[in-house]
Amino acid sequence: MKQKEVNNIEQKNIIEEKKYEAYCQPGEKKIYLKKEEKKDVEYKSRKREIVKWTTLLTVGIVVVAVVGIGTLYQYKKIKEADSDNLFLNDKVVVKVRDKYGLINKNGDMEYQPKYDWLVYHGKQTVFKKNGKAGLMDSKEKKIINPEYDEILDENGKYFPVKRDENGTYYLGMVDNSGKLIIPTEYEEIGYDEESHITGAMKEGKWFYYDEQGKEISLIDEQGIEGSGEPRKGIITIRKATGEKDEVTQEPIYIYGIANTKGEVLLEPKYNQIQLFNEEEEMIPFEENGKWGYLNLEAEIVIKPQYNGIMGAGKFENGYAVVSLENEITSVFGRDFSDSQDRKAQSEEVGYGIVNKKGEYIVQPKYHNVKILDDEKFFFEKKFTWGIIDKDGKVICEYDKEDDLYDSITGEFCEGVCVISKSNDDGVQKYGLINEKGKIVVQCIYDEIGENLEVVSNNDRILVKKEQKYGYLNTKGENVIPFEYTYGTHFFDDEYAIVFDADKKAKIIDVENKCVISGKNGFMHYDEEVLMNEQGE
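What comes next concerns the included structure.

Scoring rules and cut-offs
Residues numbered from 1 in each chain as written. Predicted model: local features only at pLDDT ≥ 70, side-chain atom pairs only at ≥ 80, totals over all residues. Heavy atoms only, no water. Helix = DSSP H or I, 4+ residues; strand = E, 2+ residues; numbered from the N terminus. Buried < 20%, exposed > 50% of the residue type's maximum accessible area, 1.4 Å probe, protein only. Areas by Shrake-Rupley, 256 points an atom, 1.4 Å probe, with all protein chains shown as cover. Pairing = 2+ DSSP bridges. Salt bridge = Lys/Arg side-chain N within 4 Å of Asp/Glu carboxyl O.

Moving on, we come to the overall build of the chain. The secondary structure content of the chain amounts to 3 helices and 46 strands. Evaluated residue by residue, the chain yields a buried proportion of 55% over its 536 residues. Entry remark: accessible area of the chain is about 23,600 Å², with carbon and sulfur atoms responsible for 42%.

Below, the structure is given as structure tokens:
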């Protein structure tokens, strides 16, 4: 958990002044802020996923989910609230005028709208009153008094946040009774539910605590120190080489792995180890400019051989995107630099897809590749693109000059995937293809899905056309009319939030029947939409 994570929309001015980038992660109930630092620039592209960890996307979030932005600050889903349901324990947060409350599935108020902010987690609720955050139980009994600037959460643990006069955030941790056991003085903090160890970073140095908040020493060997959050019972460790970076003059380290008992599993010897990868049985590491993968026992599974790894090396559906080019700098469906274009003419180098054994599923000879699901992959050459299966068979291939569409975005969901195409005015319009590459919906819509990701577990796909929202099914048929000023995707419990022509909020089912109508203002689902009374 990072210093710059906040879940408070009210910090808008700070976001603008500091030029942070706001983003969200799938299944998580908070907003993150990221400010790019110099050391991140070199690997910026491979640390991005145009997707979601808090991803990409895809579930109800405070603002429309941006799937896969920045694996730099990724965290596990919140246990009590990682379901993609609109109603959590049959309750949902609402906003009446400028105050927040909680209603049940019948539309009755559980918490009166008297709070400045609410984030409901099922058993506990983070709230704000008079600009300060606290925590209360289901009976509105205070567990933590409202004395902090924010309270963040992860894996059922709560991290109070205090902000100094410069707007810098510092994090601590409370126990289940609300007692502060780790002081709010750290820049980063993270709890490992497997080992029950918390890692916290201050001024570049990491400290570790047990469940009672007692500081523990994990590494006693001379010159070796912990260097990150614990994950799945292990941590990265580092040792200074005695050299400094020529540009930053910061010490240069080599990295290894230890377990949370303090036992060294891998002596520091690699240039980088990325333990924060989501699928952590595969741990990317870098040696002399080449990337490979370790397992949780710190054994080499795939030897270092790739010049680049996409999305911080994340494995998705059992596969990872790798590159033999000098670095990964392209984004799917976008223009590339001349140098990239020249590289792409060669069949010897490029992007490919590997499985967990390091075997190429898609040979590294493409201008671009993308994992669409566990069976299909998008590929792009200089003049063509299409879809290939895991056996290397081309499902479909199109010449770009045919001008059918410009790019494929997102992943397949219920057999369809979003495509885009620029119209004569240069405006992007969106449609759908099926798994055989056939166009199901022509590129005529202003928006499809959420952030161009199809989110459809109920054969209902959110689309926007001429400033109105409606829903298509996976056949491309309009099943709910374009009559709403805004809408969300349908959640797993088969409900969605929409705003009608009078800009009043209501919850509808898959048959477009109103289940709950907004009263005395408008409805607000804190993990999904934040709108004013004009529906903007």
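Where burial is concerned, most of strand E17 (residues 205–209) is hidden: 4 out of the 5 residues are buried. Between strand E16 (residues 197–202) and E17, which pair antiparallel and follow one another directly, the connecting turn spans 2 residues, one of which, Glu 203, has a positive phi of 50 degrees. As paired elements, E17 and strand E18 (residues 215–216) share 2 bridges and run antiparallel to each other. Residue Tyr 209 lies in a different strand from E18, and its bridge partner there is Glu 215. Connecting E17 to the antiparallel partner E18 that follows it, the hairpin turn spans 5 residues, and Gly 213 within it adopts a positive phi of roughly 85 degrees.

Next up on the list: the pattern of salt bridges. Going through the model one piece at a time under the given rule, you end up with 17 salt bridges. A salt bridge links Lys 376 to Asp 373; its shortest N-O distance comes to 2.7 Å. Taken individually, Lys 376 and Asp 373 each receive the classification buried, so the pair is uniform in this respect. In this structure, a network of salt bridges that share partners links the residues Lys 132, Asp 149 and Arg 163.

Backbone geometry follows two general trends: most residues other than glycine have a negative phi, and most peptide bonds adopt the trans configuration. Of note in this structure, Lys 232 is not a glycine but carries a positive phi near 50 degrees. Inspection of the secondary structure puts Lys 232 in the loop between strand E19 (224–226) and strand E20 (234–244). When its relative accessible area of 29% is taken as the criterion, Lys 232 is described as partly exposed. Positive phi is not limited to glycine here, since Glu 466 has a value of about 55 degrees. Of note, Glu 466 is situated in the loop between strand E40 (461–465) and strand E41 (468–472). Judged by relative accessible area, Glu 466 falls into the exposed class, the value being 66%.

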